[in-house]
Amino acid sequence: MSHSELDKDYLQYPQRTYGMDHDRYDWSMLKDRPKINWPQGKGVAFWVNVGLQFFPLNQKGIPFKVPGGMTKPYPDLRHYSLRDYGNRVGIYRFLKTFDKYDIKPTFAVNTKLAERTPYLLNKIKDRGDEMICHGYHMDTLHYGGQDPDEEAELIKRALDSLRELSGQSINGWLSPAKSESATTPDLLAAHGISYFCDWVNDEMPYPFRTPQGHLTAMPLSTELEDYHIILHNQHSAESWAEQVCDACDFLIKESSTEGGRILSINIHPWVLGQPHRIAQLEKALEYVTSKSEVWPAYAGEILTAWKDNQA
Amino acid sequence: MKEDPGYYDYWPYENRPKIEWPNGAQLAFWVAPNIEFYELNPPPNPHRSPWPQPHPAVPGYSIRDWGNRVGHIRQMELLEKYGIRGSISLSTALCDHHPEIIKMCHERQWEFFSHGIYNTRYTYGMTEAQEREMIKDSLESIHKHTGQKCAGYLAPALSHSELTLDLFAEVASEMFGEDGGFYSCDLFHDDQPTPIRLRQGKRFVSIPYSLEMNDTIAYLVQKVPPRQYGKALKENFDRLYQEGAESGTVMCIPTHNYQVSCAHRIKAYEEALEYITGHSNVWVATGREIASYYLEHYYEDALNDITAKSITA
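Chemist: Please provide a residue-by-residue account of the packing of aromatic side chains, values included.
Modeler: Tallying each qualifying case throughout the model produces 34 aromatic pairs over all chains. Between Phe182(B) and Tyr183(B), the ring centres sit 6.3 Å apart and the planes meet at 55 degrees, which makes this aromatic pair tilted. Of the two residues examined, Phe182(B) and Tyr183(B), each falls in the buried class. In textbook terms, an aromatic cluster arises when at least three aromatic residues are bridged by ring pairs, as seen for Tyr25(A), Phe196(A), Trp199(A), Tyr206(A), Phe208(A) and Tyr61(B). Lying over the aromatic face of Tyr38(B), Arg64(B) brings its terminal NZ or CZ to 4.7 Å of the ring centre. Lying across the ring of Tyr275(B), Lys234(B) places its NZ or CZ 5.8 Å from the centre.

Chemist: Tell me about the packing of helix 1 (residues 77-100) of chain A against helix 8 (residues 278-289) of chain A, and name the residues and values.
Modeler: Residues and elements named next belong to chain A. Running from amino to carboxyl end, helix 1 crosses helix 8 at an angle of 20 degrees, the nearest separation of the two axes being 10 Å. In terms of axis orientation, helix 1 runs roughly parallel to helix 8. When you trace helix 1 past helix 8, the crossing you get is right-handed. Residues Arg 93, Phe 94, Thr 97 and Phe 98 of helix 1 pack against Ile 278, Leu 281, Glu 282 and Leu 285 of helix 8. Residues of the contact of helix 1 with helix 8, tallied by class, amount to five nonpolar, one polar and two charged.

Chemist: Tell me what's going on with the interface of chain A and chain B, and back it up with residues and numbers.
Modeler: Each partner contributes to the interface: chain A provides 56 residues, whereas chain B provides 64 residues. Roughly 5,100 Å² of surface becomes buried between chain A and chain B when both sides are summed, with 57% attributable to carbon and sulfur atoms. For the salt bridge of Arg227(B) with Asp246(A), the shortest nitrogen-to-oxygen distance reads 2.8 Å. At the boundary of chain A and chain B, one finds 31 residue pairs in polar contact (both at pLDDT 80 or more).

Chemist: Describe in detail the pairing of strand 3 (residues 111-114) of chain B, supporting the description with residues and values.
Modeler: Residues and elements named next belong to chain B. Of the two faces of strand 3, the one carrying Glu 111 and Phe 113 and the one carrying Phe 112 and Ser 114 are both buried. Alignment of strand 2 (residues 87-90) against strand 3, held across four bridges, turns out to be parallel. Paired with Ser 89 across the two strands is Phe 113, which belongs to strand 3.

Criteria and cut-off values
- Residues numbered from 1 in each chain as written.
- Chains lettered and ligands numbered in written order.
- Predicted model: local features only at pLDDT ≥ 70, side-chain atom pairs only at ≥ 80, totals over all residues.
- Heavy atoms only, no water.
- Phe/Tyr/Trp six-rings, centres within 6.5 Å; stacked < 30°, edge-to-face > 60°.
- Buried < 20%, exposed > 50% of the residue type's maximum accessible area, 1.4 Å probe, protein only.
- Lys NZ or Arg CZ within 6 Å of the ring centre and 35° of its normal.
- Axes fitted to C-alpha atoms, helices over the stretch in contact; angles between N-to-C directions.
- Helix = DSSP H or I, 4+ residues; strand = E, 2+ residues; numbered from the N terminus.
- Parallel < 35°, antiparallel > 145°, perpendicular 65-115°, else oblique.
- Left-handed = near helix turned anticlockwise from the far one by under 90°.
- Contact = heavy atoms within 4.5 Å.
- Nonpolar A, V, L, I, M, F, W, Y, C, P; charged D, E, K, R; others polar.
- Buried area = accessible area lost by both parts, 1.4 Å probe.
- Salt bridge = Lys/Arg side-chain N within 4 Å of Asp/Glu carboxyl O.
- Polar contact = N/O pair within 3.5 Å; in protein donor to acceptor, adjacent residues only side chain to side chain.
- Pairing = 2+ DSSP bridges.

Below is the structure:
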């Protein structure tokens, strides 16, 4: 039996003190924070976040193959084109659905997709929906050990170009695969980002420290994602809708005593935009928006309302 | 390496001496919330990597932190609603990091048992002295922060050595005598408590802590939908309850706040708790209470029966 010995420091615990084991944010239980009041006395803000993504055929997979990306030997036409399907077909099903239920969708856009598909970009722009930057594309990951100059250049390129193409100020960020380097938040703050959606450790916004001041971490659930539930967990689309409805019920109930809550669903037109799944998106949106306690809102609006409560 | 851990002999489920739980209950029910701290940047262990990505592993770290920030209170209130005191499988560094959680559980007279210091420090590769030191540290933390004499152990992240159970029992005996260190949750071989053979011969039992009913196994490994998990809990209960009329059984639900307390899952869990606690012949207990009762009333009978059956085999 191999018994490679452990260093002495394996039984040393230098961070074993009150609070977190890092200084990015303070330890805080949700129940201990002041109650949040959403506009019009609503209980649950409903944030529908749509990933508009470009998965390049010549994926490098550094430092890992992005979930949802190419898995077969080059050229993996199967996955490339099925992802592309979302941007050509599925998204237009989404838009109809959103309009039917008065959703205010937030679009997390890979800048490379904005560059490649001006028609789609202009469509979103003309609708006036909020866009946030979803990184340059799905194969330009941010990760520990990445060359700092390379990452800084990547973030600058992604934001400069999306800001120019969209005509929006682009205040929000979602990293591809929610993967970060140790300095991603610092670079985001330095490039004018005010909120980011990578950390899933809370159900409400909270301040996240950087040398450039605080970012706000916005809670975008991975557990309720269409990709996570339908493709990773292999549940049916029907089960996805059921889980969203159950979450909605629970959060409405919790908000009645604990203050405002957020129901966030991160969805992708290449997953739920399929003809055999779209009805489940409709079903979930119909259910959630039928509740009088629900406030459909852009991520930026939720952030503003939350900040207004922090006075 | 051994072919068999040597903790117990083969002992068929049929025709064992009859167990009856307090007040004639046929099933002992306990819930074991794992309250854990995972480090963002733990030291490397050559046998197991704590995170799938290079530091910082934001997805894995942050969802577990959610369990402490958001999920804990949800599960605690739910257990309280159904009259269940949790038996906490505790990453004992949490006493230092998040004493508020410890205080809330302590006020509700929940039990704390050791789950190591951090769930990102594995037993793999530790020398006997190192593992002993780690276990002792964890028991001291629980005692210092709650006054409890830790009775049970679940190895951190289920990482074991050949000596894990022995070392736990020995360290606890040195600290607390017979009042501490008498049950293990690390073995999954039975639906009833069973005596465990240790090198110093301490009276010690394994009590059922079901991996199959563990929310993380269900949700992360088997990836079942929430309602299917709720259904499995009820079916697991139904069968154990039925068999418990013949000889008392144990049902455990091991949970994790970052799984079971999610808004889209907690309903299924609540329905199962309501169902289980709605039956009359259920003894809602803690791990310590189940182990103590068994040691007091059935341990010797069990040993005799095991010996008799291994001789006549």
